[in-house]
Amino acid sequence: QKEVEQNSGPLSVPEGAIASLNCTYSDRGSQSFFWYRQYSGKSPELIMFIYSNGDKEDGRFTAQLNKASQYVSLLIRDSQPSDSATYLCAFRTNAGKSTFGDGTTLTVKP
Amino acid sequence: KAGVTQTPRYLIKTRGQQVTLSCSPISGHRSVSWYQQTPGQGLQFLFEYFSETQRNKGNFPGRFSGRQFSNSRSEMNVSTLELGDSALYLCASSLDPFSGRAPYEQYFGPGTRLTVT
């Protein structure tokens, strides 16, 4: 079993729709969870982090964490073509180890 | 505040050579992590340095090594380059990931694109 599983892509949504990105992890020692956005040819950009169960909202982005189910998700409301990118989920354990998922490619169609 | 900087941005080397990449973290950040990103393997963790000490290491051969200086700047070295080492090498800095206070977010530099021919 991979340490981090992201929903397989690519994911395509129309402009203005909600994009839902999901990630499951296997290491119960995971303490912090992150979502990065990576445009083609660029480095990952941190867009959200969460470490407590529940929801965390920042503008059009909402991260949801359920440690019991070992599940973290990212919702993008009112999706824009500029949101088209690869989204990486990542977590960090108590021991300081960071692991990244393979990413989900999102395309927002005008 | 300036972001993470990496030099050089692009590099072409031949098999068997060695290469040194440099990373300067965000001012005040004491941890630097290195990652290799390839289309087939995704983002793979190489190692992490904090206060000049290697704190974590990924599953890479000994040809990959690194160090951190007292000003938190870090270098990564790859010896005896192989074709498979062609990748985007990213460094990321964080404030103090061992403070016991989450969330320990990391910020990435622009990366060094290494091509081995």
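As the structure is a prediction and not an experimental result, all values here were calculated from the model.

(A) Spatial organisation of the overall build of chain A. For chain A, the helix and strand inventory stands at zero helices and 11 strands. Moving toward the C terminus, one meets the helices and strands of chain A in the order β-β-β-β-β-β-β-β-β-β-β. Against the globule reference of 13 Å for 110 residues, chain A gives a C-alpha radius of gyration of 13 Å, in line with a compact fold. Once the C-alpha set of chain A is aligned to its principal axes, its extents read approximately 40 × 30 × 20 Å. By sequence separation, contacts in chain A at least 24 residues apart represent 54% of the contacts at least 6 residues apart. As displayed, chain A offers around 5100 Å² of accessible surface, 47% of which is attributable to carbon and sulfur atoms. For chain A, the separation between the mean place of its 11 positive charges and that of its 11 negative charges on side chains is 4 Å.

(B) Inspection of the state of the cysteines at higher detail. This structure, assessed with the given rule, holds two disulfides over all chains. Each sulfur in the disulfide pair Cys-23 of chain A and Cys-89 of chain A lies 1.9 Å from the other. On the S-S bond that ties Cys-23 of chain A to Cys-89 of chain A, the torsion sits near 45°, and the link is right-handed. Pair noted here: Cys-23 of chain A is in strand β3 (residues 19–25) and Cys-89 of chain A is in strand β9 (residues 85–93), with a separation of 66 residues, a long-range link. Classification of Cys-89 of chain A as buried rests on a relative accessible area of 1%. Each disulfide pairs two cysteine sulfurs, and for Cys-23 of chain B the partner residue is Cys-91 of chain B, the sulfurs being separated by 1.8 Å. Sign of the S-S torsion, about 50° for the bond between Cys-23 of chain B and Cys-91 of chain B, identifies this disulfide as right-handed.

(C) Geometry of the sheet that holds strand β8 (residues 74–78) of chain B. Residue and element names in this part refer to chain B. Spatially, β1-β3-β8-β7 is the arrangement adopted by the four strands of the open sheet, whose pairing is antiparallel. Each having just a single partner strand, β1 (5–7) and β7 (64–68) make up the two edges of the open sheet. Within the sheet, the average angular offset between the axes of one strand and its neighbour, ignoring direction, is 20°. With five bridges joining them, strand β3 (residues 19–24) and β8 adopt antiparallel strand pairing. Within β8, the residue paired with Cys-23 across the bridge is Ser-74.

(D) Local environment of the interface of chain A and chain B. Every contact between the two is made by 18 residues of chain A and, on the other side, 19 residues of chain B. Buried surface at the junction of chain A and chain B, summed over both partners, amounts to about 1600 Å²; 56% is from carbon and sulfur atoms. When residues of chain A are sorted by the area they lose upon contact with chain B, Ser-43, Arg-92 and Phe-100 of chain A head the list and together hold 30% of the total. In this structure, the connection of chain A to chain B is made through one salt bridge. Residue Glu-48 of chain B pairs with Arg-92 of chain A through a salt bridge whose shortest N-O separation is 2.9 Å. Our count for the contact surface shared by chain A and chain B stands at five residue pairs in polar contact (both at pLDDT 80 or more). Counting residues per element, the ones that place at least two in the side of chain A that touches chain B are β4 (30–38), β5 (45–50), β9 and β10 (98–100) of chain A. The leading source of residues in the side of chain A that touches chain B is β4 of chain A, at five residues. The class makeup of the residues in the side of chain A that touches chain B is nine nonpolar, six polar and three charged.

So, how was this worked out
- Residues numbered from 1 in each chain as written.
- Chains lettered and ligands numbered in written order.
- Predicted model: local features only at pLDDT ≥ 70, side-chain atom pairs only at ≥ 80, totals over all residues.
- Heavy atoms only, no water.
- Helix = DSSP H or I, 4+ residues; strand = E, 2+ residues; numbered from the N terminus.
- Rg over C-alpha atoms; globule rule 2.2 N^0.38 Å.
- Contact = heavy atoms within 4.5 Å.
- Areas by Shrake-Rupley, 256 points an atom, 1.4 Å probe, with all protein chains shown as cover.
- Lys, Arg positive; Asp, Glu negative; His and termini not counted.
- Charge placed at Lys NZ, Arg CZ, Asp CG, Glu CD.
- Disulfide = S-S within 2.5 Å.
- Buried < 20%, exposed > 50% of the residue type's maximum accessible area, 1.4 Å probe, protein only.
- Pairing = 2+ DSSP bridges.
- Axes fitted to C-alpha atoms, helices over the stretch in contact; angles between N-to-C directions.
- Buried area = accessible area lost by both parts, 1.4 Å probe.
- Salt bridge = Lys/Arg side-chain N within 4 Å of Asp/Glu carboxyl O.
- Polar contact = N/O pair within 3.5 Å; in protein donor to acceptor, adjacent residues only side chain to side chain.
- Nonpolar A, V, L, I, M, F, W, Y, C, P; charged D, E, K, R; others polar.

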